[in-house]
Amino acid sequence: MNSQLYLAAAVQAQDQDAPVKIQISNDSVTSHGYKLIHNKTAIDLSRAKRGLPLLVSHNQTDLPIGRVTNLSVTRNTLHGEITFGRRGSDVEADMRSGV
């Protein structure tokens, strides 16, 4: 699967049925040389109140593999929780096992 998805996920030990808590992005310089600003005025989370679709590789033509909910910005980092659907079961198993 996509290495970006795994790179973003800092999976914590938790109940197997619980959403996976992840770090989505931070203010480190990207591989393209950009620095993303992460503060509450730079990121508008109003459209994410009900959650957002979880896509693989930003591919909008494929169906989502789950949802990202509870998005928040703390200490210059964007966090969220992933709940996987049936299409994401392989990715979920890999993340929970530390792959």
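The rules we used
- Residues numbered from 1 in each chain as written.
- Predicted model: local features only at pLDDT ≥ 70, side-chain atom pairs only at ≥ 80, totals over all residues.
- Heavy atoms only, no water.
- Buried < 20%, exposed > 50% of the residue type's maximum accessible area, 1.4 Å probe, protein only.
- Helix = DSSP H or I, 4+ residues; strand = E, 2+ residues; numbered from the N terminus.
- Arc of directions from axis to C-beta.
- Pairing = 2+ DSSP bridges.
- Axes fitted to C-alpha atoms, helices over the stretch in contact; angles between N-to-C directions.
- Contact = heavy atoms within 4.5 Å.

Caption draft 1: View of helix H2 (residues 89–97). Those residues of H2 that sit buried are Val91, Glu92, Met95 and Arg96. Looking down the long axis of H2, one finds its buried residues gathered within 125° of arc, a one-sided arrangement. Opposite the buried face of H2, at more than 90 degrees from it, the exposed residues are Asp90 and Ser97.

Caption draft 2: Spotlight on the sheet that holds strand S1 (residues 20–26). Spatially, the four strands line up as an open sheet ordered S1-S4-S3-S2, and their pairing is antiparallel. The outermost strands of the open sheet, each flanked by one partner alone, are S1 and strand S2 (52–54). Strand-to-strand twist across the sheet, computed as the mean angle between neighbouring axes with direction ignored, equals 40°. Sheet analysis places S1 next to strand S4 (residues 77–84), joined by six bridges and oriented antiparallel. Bridge pairing links Gln23 to His79 in S4.

Caption draft 3: Region of the structure containing the side chain of Thr77. Relative to the helices and strands, Thr77 resides in strand S4. A relative accessible area of 12% places Thr77 in the buried class. Contacts of Thr77, omitting those with residues within four sequence positions, involve Gln23, Ser25, Asn26, His38 and Ser72.

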